[in-house]
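The chain contents come next:
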Amino acid sequence: MCPLVSTPLIGVLAVQGDVREHAHALERVGARTCAVRRPEELTAVDALVIPGGESTVMDKLVRAFGLQEPLRERLRDGLPAYGSCAGMIMLADRIADARPDQETLGGLDVTVRRNAFGRQVDSFETDLQVEGIVEPERPLRAVFIRAPWVESVGPQAQALATVEHGPAAGRVVAVRQGSLIATSFHPEMGGDDRVHAAFVQMVRSA
Ligand code: GLN
């Protein structure tokens, strides 16, 4: 019998960063996953997650592994993708405080500032409302680790979450543009799978 609901295969870009945590979160919400390190592996997936880690290293490795052009091409063709933290930086069209030779894959009409929260709060947690993903009565506990923020949101992208309290209040930390989502924070670490669930749902309906 044909299954009524197909299980999407979601690749996790596996050149650097917290690949396993994302794979586990995706599997908990019903996706199949595979690690993407080579262009052939990218061809097989229905969607992609770009994990947190270090965007300068990720960028170098993506280029060294011959993945930059294939990734850009699939993203241009509408591959659904979710980027967390360094992954958000990789999906941004523009970055502030980038290393001089740093490149991104692009796709999101945003400017993202690396390491934006500064030294005192370079790692912190806060409760967030995330539009379309979190119910107002049950905010998401978001974990930030040397995180970027979205300095400006271009006309094609949409802000989904802003920091509510403290010195960074008002800063945008989650965005969406079509089938691309990015968060400054790490939902794969907080034990709350709602961002991954929303992404998988989006992939299913794409
Ligand atoms: N600061 C890192 C960078 O610039 C991102 C940190 C993270 O992914 N936790 O890439």
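Nothing here was measured: the structure is a model prediction, and the numbers come from that model.

Caption draft 1: Local environment of the environment of R99. You can see R99 is positioned in the loop between β5 (92–96) and β6 (108–113). A sequence separation of 15 residues divides R99 from R114, and the C-alpha atoms of the two residues are 9.6 Å apart. The contacts of R99, once residues within four sequence positions are left out, are T56, K60 and R114.

Caption draft 2: Representation of the site of the ligand in the model. Around the ligand, the surrounding shell consists of G52, G53, E54, S55, C85, A86, I89, R114, N115, I145, R146 and H186. N115 has a polar side-chain atom sitting 2.6 Å from a nitrogen atom of the ligand. Take H186: an N or O atom from its side chain is 3.0 Å from a nitrogen atom of the ligand. Relative to its unbound accessible area of 300 Å², the ligand is 98% covered by the protein chains. Of the residues contributing to the shell around the ligand, the split by class is four nonpolar, five polar and three charged.

Caption draft 3: Region of interest: the packing of aromatic side chains. Following the criterion strictly, the structure yields six aromatic pairs and no others. Taken together, a centroid distance of 5.1 Å and an interplanar angle of 85° make the contact between F117 and W149 edge-to-face. Note that F117 is positioned in the loop between β6 and β7 (123–128) and W149 in strand β9 (residues 149–153), a separation of 32 residues in sequence. No difference in accessibility class separates F117 from W149, as the two residues are buried.

Caption draft 4: The pairing of strand β11 (residues 172–177), seen in detail. Burial analysis of β11 places five of its six residues in the buried class, the great majority of the element. As paired strands, strand β10 (residues 158–162) and β11 are joined by four bridges and run antiparallel to one another. Along β11, the bridge assignment pairs A161 with A174. As judged from the four bridges shared by β11 and strand β12 (residues 180–183), these two strands associate in the antiparallel manner. From the neighbouring strand, R176 faces β12, where its bridge partner is I181. Between β11 and the antiparallel strand that follows it, β12, lie two residues; G178 among them carries a positive phi value of about 60°.

Calculation notes
Residues numbered from 1 in each chain as written. Predicted model: local features only at pLDDT ≥ 70, side-chain atom pairs only at ≥ 80, totals over all residues. Heavy atoms only, no water. Helix = DSSP H or I, 4+ residues; strand = E, 2+ residues; numbered from the N terminus. Contact = heavy atoms within 4.5 Å. Near = heavy atom within 4 Å. Polar contact = N/O pair within 3.5 Å; in protein donor to acceptor, adjacent residues only side chain to side chain. Areas by Shrake-Rupley, 256 points an atom, 1.4 Å probe, with all protein chains shown as cover. Nonpolar A, V, L, I, M, F, W, Y, C, P; charged D, E, K, R; others polar. Phe/Tyr/Trp six-rings, centres within 6.5 Å; stacked < 30°, edge-to-face > 60°. Buried < 20%, exposed > 50% of the residue type's maximum accessible area, 1.4 Å probe, protein only. Pairing = 2+ DSSP bridges.

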